[in-house]
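Now for the letters of each chain:
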Amino acid sequence: MKIILIGFMGSGKSSVAKKLGELLRLDVLEMDELVLQKTNTRSMDEVFAKGGELLLRETEIDIARAHSQIPNLIISTGGGVVLNKIVLDYLNQSEGKIVFLNASFQTIASRLTQDQDFRRPLFKNIEQAELLFHRRLPLYLSYADQIVDADTKSVEEIAQEILL
Ligand code: S3P
C-alpha cells in the first residue's frame, strides 16, 4: 500500500505519516528530510541560500524518481510538490493513493506562528503565505484521490479516516 500525503505547510502531513507508518508497519518517506540529506544542508533556509527554490524543486524530482517503484510506503511530501506535476506522477506510480490534508489558512497560520523553531522560507511573511495558500489550493484539490478535513480532527482520527 502506498499513501502519499499532500497539503500546505503545517497541515499535519509529517504527524499523520508517522501515525500511518505505525499503524500499517510501513516505512515513512519524509521528503523534506531527504532533501536536506541530499543537498547536504541542515535546514530549508540553508537549501534556499545554497541553490534557491530551484535546488529544492530539482531535489524533490530526484527523490520522487528514486522512489517511484517502491510499492509499500507512506510518503510525507513537501507543500510545494504540486508545483511540478512530474513529482506526483513519479510518486504515484505503482498504485498510490494521494490524500490531501485540508486545513484552513487560519489553522495553519496559528500552528506555524507558534512553531518558532521550525523555519520555513516560504512562511516568513503571513500575507504572502496566504496568497500562496490560495494559489496552491486548486492544485491540491486537483491531485487528491481523497480529501480529509485536517482542521479539527486529531492525528489519530485523520489516520483512521484515511484507512477506512
Ligand atoms: C514548502 C514546504 C515545506 C518545504 C519547503 C517549501 C512549500 O515543506 O518543502 O519549505 O513550498 O510549500 P512542509 O510542507 O513539510 O512544511
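Heads up: the structure comes first, above all this text.
Residues numbered from 1 in each chain as written. Predicted model: local features only at pLDDT ≥ 70, side-chain atom pairs only at ≥ 80, totals over all residues. Heavy atoms only, no water.

Student: So, the pattern of salt bridges: which residues are in play, and what are the values?
Tutor: Scanning the model with the defined rule gives 10 salt bridges in all. Put simply, K19 and E156 hold a salt bridge, and the shortest N to O gap is 3.3 Å. Of this pair, K19 sits in helix α1 (residues 13-24) while E156 is found in helix α7 (residues 155-163), placing the two residues 137 residues apart along the sequence. Accessibility expressed as a relative area gives 34% for E156, which makes it partly exposed. (Salt bridge = Lys/Arg side-chain N within 4 Å of Asp/Glu carboxyl O. Helix = DSSP H or I, 4+ residues; strand = E, 2+ residues; numbered from the N terminus. Buried < 20%, exposed > 50% of the residue type's maximum accessible area, 1.4 Å probe, protein only.)

Student: Explain the sheet that holds strand β2 (residues 28-30) to me, using residue names and the numbers behind them.
Tutor: Within the open sheet, the 5 strands sit side by side as β2-β3-β1-β4-β5. Their pairing is parallel. Unpaired on one side and paired on the other, β2 and β5 (146-149) mark the two borders of the sheet. Taken pair by pair, the neighbouring strands of this sheet meet at an average axis angle of 20°, ignoring direction. The pairing of β2 with strand β3 (residues 73-76) spans 3 bridges and is classified as parallel. Within β3, the residue paired with L29 across the bridge is I75. (Pairing = 2+ DSSP bridges. Axes fitted to C-alpha atoms, helices over the stretch in contact; angles between N-to-C directions.)

Student: Which residues make up the site of the ligand, and what values go with them?
Tutor: Taken together, 13 residues are adjacent to the ligand, and K13, D32, R57, G79 and R120 come closest. At 2.5 Å, a side-chain N or O of K13 approaches an oxygen atom of the ligand. A distance of 2.9 Å separates an oxygen atom of the ligand from a polar side-chain atom of R136. Its free accessible area being 380 Å², the ligand has 98% of it covered by the protein chains. (Near = heavy atom within 4 Å. Polar contact = N/O pair within 3.5 Å; in protein donor to acceptor, adjacent residues only side chain to side chain. Areas by Shrake-Rupley, 256 points an atom, 1.4 Å probe, with all protein chains shown as cover.)

Student: Could you give an account of the packing of helix α5 (residues 105-114) against helix α6 (residues 126-143), with specific residues and numbers?
Tutor: Where α5 meets α6, the axes come as close as 11 Å, and the angle between the chain directions of the two elements is 140°. It follows from the interaxial angle that α5 and α6 lie oblique. The handedness of the crossing between α5 and α6 comes out as right-handed. Counting all contacts with α5, which are made through F105, I108, A109 and T113, the residues of α6 involved are I126, A129, E130 and F133. Class assignment of the residues belonging to the contact of α5 with α6 gives a composition of 6 nonpolar, 1 polar and 1 charged. (Parallel < 35°, antiparallel > 145°, perpendicular 65-115°, else oblique. Left-handed = near helix turned anticlockwise from the far one by under 90°. Contact = heavy atoms within 4.5 Å. Nonpolar A, V, L, I, M, F, W, Y, C, P; charged D, E, K, R; others polar.)

Student: Can you break down the side chain of S11 residue by residue, with the values?
Tutor: Relative to the helices and strands, S11 resides in the loop between β1 (2-6) and α1. Setting aside anything within four residues of it in sequence, one finds S11 in contact with L101, A103, I108, R111 and A150.

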